[in-house]
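A closer look at the structure
So the chains spell out like this:
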Amino acid sequence: MKISLVCTPKRLPLEKAIAAAKTAVEVNPLNHTPLHRLTGVIPDFVATPERIAVLTTKYWGLQGVSLTVGFLDNPPADLQKRIILHMNAWAKTSNVKFVATKVDPQVRIARAAGPEGGYWSYLGSDILHIAKKDPTMNLEAFTMSTQESEFHRVVRHETGHTLGFPHEHMRKALVDKIDPQKAIEYFERTQGWKEQEVREQIEESTLRGTPPDPKSIMCYQIPGELTKDGNPIIGGLDIDPTDYKFAATIYPKKVSAPARPKTLVRTKR
Ligand SMILES: [Zn+2]
């Protein structure tokens, strides 16, 4: 099994992390709450506790996501339209909308190669901390000739990061399948990553005890040569039913107005 380009989720530099965490809480107070400890307190339409296992999240608010999108290298109009169409695939079950603009876009897409190349996006509200001249997402070498399946696999995946969704393969059950030594050797050879980067990408996980979804669009392919049992983690090729369900809990299309403020007050400690 061959890995083509793998996604490298972008993290803000350390000096921006504190401000970004404050922003995340301003944007969505639930980002501040250790949701996984509040099983039974948070109603199902907010988040299923099984699926939310991170302490500090970067989700946009329950009011939904409406973001403007621009392109930094002026690609053809049909390509711009096609990319935004796939970004909006998430809207099938959730309150999510991406709209093209030429003026001061919030999501800024580049197609760079080289050191800043590859496929990546900053996570959720972190994009608000990126300088306006810089991209928040990179789709290296995407053109109208790129296979349709790659628009599904890559554009929808990176958009998932923009919506605040982390990597599914960071879940412990999947991480446990990966052989760290094999992974370090593999990613050094194929991606030029240092050992530390590989450990951050593959091994380090703050997520615990969540059922993994190996077909999730947020799960990238891990070849069999990296796993302890030699079986590949197939990874998602498109937004799957579990992803759609999850997105609907984070960005519900309809919020029950009376329940929401009451719940927010109750979950603050
Ligand atoms: Zn990714």
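Scroll up for the structure.
Reference entry: report on the structure contained in this document. (Residues numbered from 1 in each chain as written. Predicted model: local features only at pLDDT ≥ 70, side-chain atom pairs only at ≥ 80, totals over all residues. Heavy atoms only, no water.)

Structural notes on the overall build of the protein chain
Note the cut-off: Each helix is a run of H or I in the DSSP string that is no shorter than four residues. Each strand is a run of E no shorter than two, and both are numbered from the N terminus. Two residues form a contact once any of their heavy atoms are found within 4.5 Å.
Helix and strand counts for the protein chain come out as 8 helices and 5 strands. Shown N-terminal to C-terminal, the secondary structure of the protein chain runs as helices and strands in the order α-β-α-β-β-β-β-α-α-α-α-α-α. The contacts in the protein chain between residues at least 6 apart in sequence include a share of 77% that link residues at least 24 apart.

Things to note about the pairing of strand β1 (residues 65–71)
Defined as follows: We call a residue buried when its accessible area falls under 20% of the maximum for its residue type, exposed when it is over 50%, and partly exposed in between, using a 1.4 Å probe and counting protein chains only. Any two strands between which DSSP finds at least two bridges are classified as paired. Seen with the strands pointing away from the viewer, any crossover whose path from the first strand over the helix to the second strand runs clockwise is right-handed.
Burial of β1 is extensive: 5 of the 7 residues sit out of reach of the surface. Pairing analysis gives 5 bridges linking β1 to strand β2 (residues 96–100), with the strands arranged parallel. Along β2, the bridge assignment pairs Ser 66 with Lys 97. Following the chain from β1 across helix α2 (residues 77–87) to the adjacent parallel β2, one finds a crossover that is right-handed. Summarising the sheet, β1 and strand β3 (residues 107–110) pair through 3 bridges and their orientation is parallel. Residue Val 69 lies in a different strand from β3, and its bridge partner there is Val 107.

A closer look at the sheet that holds β3
Each strand in a sheet pairs with another by means of backbone hydrogen bonds, the pair being arranged parallel or else antiparallel. Rules: All axes here are fitted lines through C-alpha atoms, helices being fitted over the stretch that makes contact, and every angle between N-to-C directions spans 0 to 180 degrees.
Strand order in the open sheet formed by 5 strands is β2-β1-β3-β5-β4, with mixed pairing between adjacent strands. Sheet topology places β2 and β4 (119–121) at the edges, where each strand pairs with a single neighbour. Across the sheet, the mean angle separating the axes of adjacent strands is 25 degrees when strand polarity is ignored.

Brief notes about the environment of Ala 89
Its location among the elements puts Ala 89 in the loop between α2 and β2. Spatially, the C-alpha atom of Ala 89 lies 8.3 Å from that of Ile 239, the residues being 150 residues apart in sequence. Once residues within four sequence positions are removed from consideration, Ala 89 is found in contact with Arg 156, Ile 239 and Tyr 244.

Some words on helix α5 (residues 180–191)
Every α-helical turn comprises 3.6 residues, leaving residues that sit three or four positions apart pointing alike. The condition that has to hold: Take the number of residues in a helix, subtract one, and multiply by 1.5 Å to get its expected span. We define a polar contact as two N or O atoms separated by no more than 3.5 Å, with the added condition that, inside protein, one atom must be a possible hydrogen donor and the other a possible acceptor, whereas residues neighbouring each other in sequence contribute only through side-chain atom pairs.
Between its terminal C-alpha atoms α5 stretches 15 Å, which fits the 16 Å expected from 12 residues at 1.5 Å a residue. Considered for burial, the residues of α5 that qualify are Ala 183, Ile 184, Tyr 186 and Phe 187. The distance from a side-chain oxygen at the start of α5 to the backbone nitrogen of Gln 181 is 3.0 Å, and the residue carrying that oxygen is Asp 179. Positive phi shows up at Gly 192, right after α5, with a value of about 75 degrees.

Concerning the pattern of salt bridges
Here is the rule we go by: The rule for a salt bridge is simple: a side-chain nitrogen of Lys or Arg has to be within 4 Å of a carboxyl oxygen of Asp or Glu.
One pass over the full model with this rule turns up 9 salt bridges. With its nearest N and O atoms 2.9 Å apart, the salt bridge here joins Arg 111 to Asp 73. Of this pair, Arg 111 sits in the loop between β3 and β4 while Asp 73 sits in the loop between β1 and α2, and the two are 38 residues apart along the sequence. Classification of Arg 111 by relative accessible area gives partly exposed; the value is 22%. One salt bridge in this structure joins Arg 153 and Glu 150, with 2.9 Å as the shortest N-O distance. Note that Arg 153 and Glu 150 are positioned in helix α3 (residues 148–162) at a spacing of 3 residues, about one turn of the helix. Across the pair, Glu 150 and Arg 153 agree in class, each one buried. Members of the salt-bridge network, linked through shared partners, are Glu 185, Arg 189 and Glu 225.

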